Amino acid sequence: MSPEVVSASAPVDMSKQPDRTRSRARAVRRRRALVILARLVLLVAVLGLWETLSRAEVIDPFNFSMPSEIWDQISTWVAHGTALGSLGEQIWVTLQEALVGWIIGVVAGVVLGIALGRVALLADVLGPYIKVLNSIPRIVLAPIFVIWFGLGPSSKIASAVVLVFFPVFFNAFQGAREVDRNLVANARILGASDRRVTFQVVIPSATSWIFTSLHVSFGFALIGAIVGEYIGATKGIGLLVAQSQGTFNAAGVYAAMVILAVVALVAEGLLTFAERRIFRWKPSDSEH
């Protein structure tokens, strides 16, 4: 018998598989720790350079402030509140406006995107109008919404909706168009109706496209709420930014930006967790 036949028929040593799995897991943990360490080093380096340049007056501390003053401003807001009330209340007002606008924008974008992706006639009729609306700078609509809906939360929610809708819509539309035609054909062969094809084939296939837009769209919702509050409001982080700017308090402006960044990072973490739970069957990037 030839050596090639002997080697081909030899059994695979399964005892090495657990060792390979453990070594791969250790490599993933080492890489994750390295990434976290590199991020912390970069953050400390940037903040340290900023603080040093400000104290040395290489950059104007009045306009650019410095990390220590920003931290003091956040600590003051946390301990003693703001001129508008407690800091938690301002965060909650902005978060509530952004969250409601995000939900409305996501639902409208997904429904209309799937509908136009499935019905060619509807896409042909509404397509030009959606392109025209998409070409309008949405930020300039915020003053109009304040005129229409007043200084209450409705104008901020409307600003968030128009910023969220379009990225979600285009991703849902493209996801519906990119569905594997063989899956649709097989479903129809098995007797599935249009409704069942949409809910059991098209929407699950487009979910990854939709989740991609969700990561970006919540940040847009925050932007919409902040811009609306900046233009006119009675409470919220955007109003804090406007008041800080009006009193030339650069530390207050940066402190509000830091708070918004933390809120956005928490929201991103929650979306990532939900996505991993839903798409547990997909290999993570660290496994490649």
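Source: prediction; values computed, not measured. (Residues numbered from 1 in each chain as written. Predicted model: local features only at pLDDT ≥ 70, side-chain atom pairs only at ≥ 80, totals over all residues. Heavy atoms only, no water.)

**Q** An account of the overall build of the chain is requested, with residue identities and associated values reported.
**A** Counting its secondary structure elements, the chain contains twelve helices and zero strands. Across the chain, helices and strands are ordered from the amino to the carboxyl terminus as α-α-α-α-α-α-α-α-α-α-α-α. Sequence separation of 24 or more characterises 73% of the internal contacts of the chain that already satisfy a separation of 6 or more. Surface exposure of the chain reaches about 17,800 Å², of which carbon and sulfur atoms provide 68%. (Helix = DSSP H or I, 4+ residues; strand = E, 2+ residues; numbered from the N terminus. Contact = heavy atoms within 4.5 Å. Areas by Shrake-Rupley, 256 points an atom, 1.4 Å probe, with all protein chains shown as cover.)

**Q** Before we move on, can you summarise the confidence of the model for the chain with the specific residues and values?
**A** On average, the chain scores 81 in pLDDT, and the residues at 70 or more come to 82%. The secondary-structure element of the chain with the lowest mean pLDDT is helix α1 (residues 3-9), recorded at 48, while helix α4 (residues 67-80) shows the highest, at 90. (pLDDT = per-residue confidence, 0-100.)

**Q** For a positive patch on the surface, give the residues involved together with the corresponding values.
**A** On the surface, a cluster of positive charge is made up of Arg26, Arg29, Arg30, Arg32 and Arg276. Exposure remark for arginine 30: the relative accessible area of 55% places this residue in the exposed category. (Patch = residues over 30% accessible without salt bridge, like charges linked within 9 Å, V, L, I, M, F, W, Y side chains within 5 Å. Salt bridge = Lys/Arg side-chain N within 4 Å of Asp/Glu carboxyl O. Lys, Arg positive; Asp, Glu negative; His and termini not counted. Charge placed at Lys NZ, Arg CZ, Asp CG, Glu CD. Buried < 20%, exposed > 50% of the residue type's maximum accessible area, 1.4 Å probe, protein only.)

**Q** Give me unusual backbone geometry: which residues, what numbers.
**A** The phi angle at glutamate 57 is positive, at roughly 60°, despite the residue not being glycine. The residue glutamate 57 is located in the loop between α2 (16-55) and α3 (61-64) in this model. Judged by its relative accessible area of 61%, glutamate 57 falls in the exposed class. Unusually for a residue other than glycine, phenylalanine 248 sits at a positive phi of about 55°. Position of phenylalanine 248 among the secondary structure elements: in the loop between α11 (237-246) and α12 (250-278). A relative accessible area of 60% means that phenylalanine 248 is categorised as exposed.

**Q** Report on the packing of helix α7 (residues 141-149) against helix α8 (residues 153-177), specifying residues and quantitative values.
**A** Where α7 contacts α8, the axes come no closer than 8 Å and their chain directions differ by 145°. Taken as a pair, α7 and α8 cross one another with a handedness that is right-handed. Facing α7, whose interface residues are Leu141, Ala142, Phe145, Val146 and Phe149, α8 presents Ser154, Ser155, Ala158, Ser159 and Val162. Tallied by class, the residues present in the contact of α7 with α8 amount to seven nonpolar, three polar and no charged. (Axes fitted to C-alpha atoms, helices over the stretch in contact; angles between N-to-C directions. Left-handed = near helix turned anticlockwise from the far one by under 90°. Nonpolar A, V, L, I, M, F, W, Y, C, P; charged D, E, K, R; others polar.)

**Q** Break down α7 for me, citing the residues and quoting the values.
**A** Of all the residues in α7, the buried ones are Ala142, Phe145 and Val146. Looking down the long axis of α7, one finds its buried residues gathered within 105° of arc, a one-sided arrangement. Set apart from the buried face of α7 by more than 90 degrees, the exposed residues are Ile147 and Trp148. Of the residues flanking the end of α7, it is glycine 150, one or two places downstream, whose phi is positive at about 85°. (Arc of directions from axis to C-beta.)

**Q** I'd like a rundown of the packing of aromatic side chains, residues and numbers included.
**A** All told, the structure shown has eleven aromatic pairs when counted by the stated rule. Consider the rings of phenylalanine 145 and phenylalanine 149, whose centres lie 6.2 Å apart with planes at 35°: the pair is tilted. One end of the pair is phenylalanine 145 and the other is phenylalanine 149, both in helix α7 and four residues apart, which spans about a single turn. On the basis of relative accessible area, phenylalanine 145 is assigned to the buried category, the value being 8%. (Phe/Tyr/Trp six-rings, centres within 6.5 Å; stacked < 30°, edge-to-face > 60°.)

**Q** I'd like to hear about the nonpolar core, residue by residue, with values.
**A** If you look at soluble globular proteins, the nonpolar side chains tend to sit buried side by side. Ranked by internal contacts, the top residues of the largest apolar core, which has 20 residues, are Trp102, Val106, Val164, Leu214 and Ala221. For this core, the secondary structure elements donating two or more residues are α5 (87-118), α8, α10 (194-231) and α12. Per-element accounting of this core gives the leading share, eight residues, to α10. With 16 residues, the next largest nonpolar core counts Ile70, Leu239, Ala251 and Leu260 among its residues. (Core = buried A, V, L, I, M, F, W, Y, C linked by side-chain atoms within 4.5 Å.)

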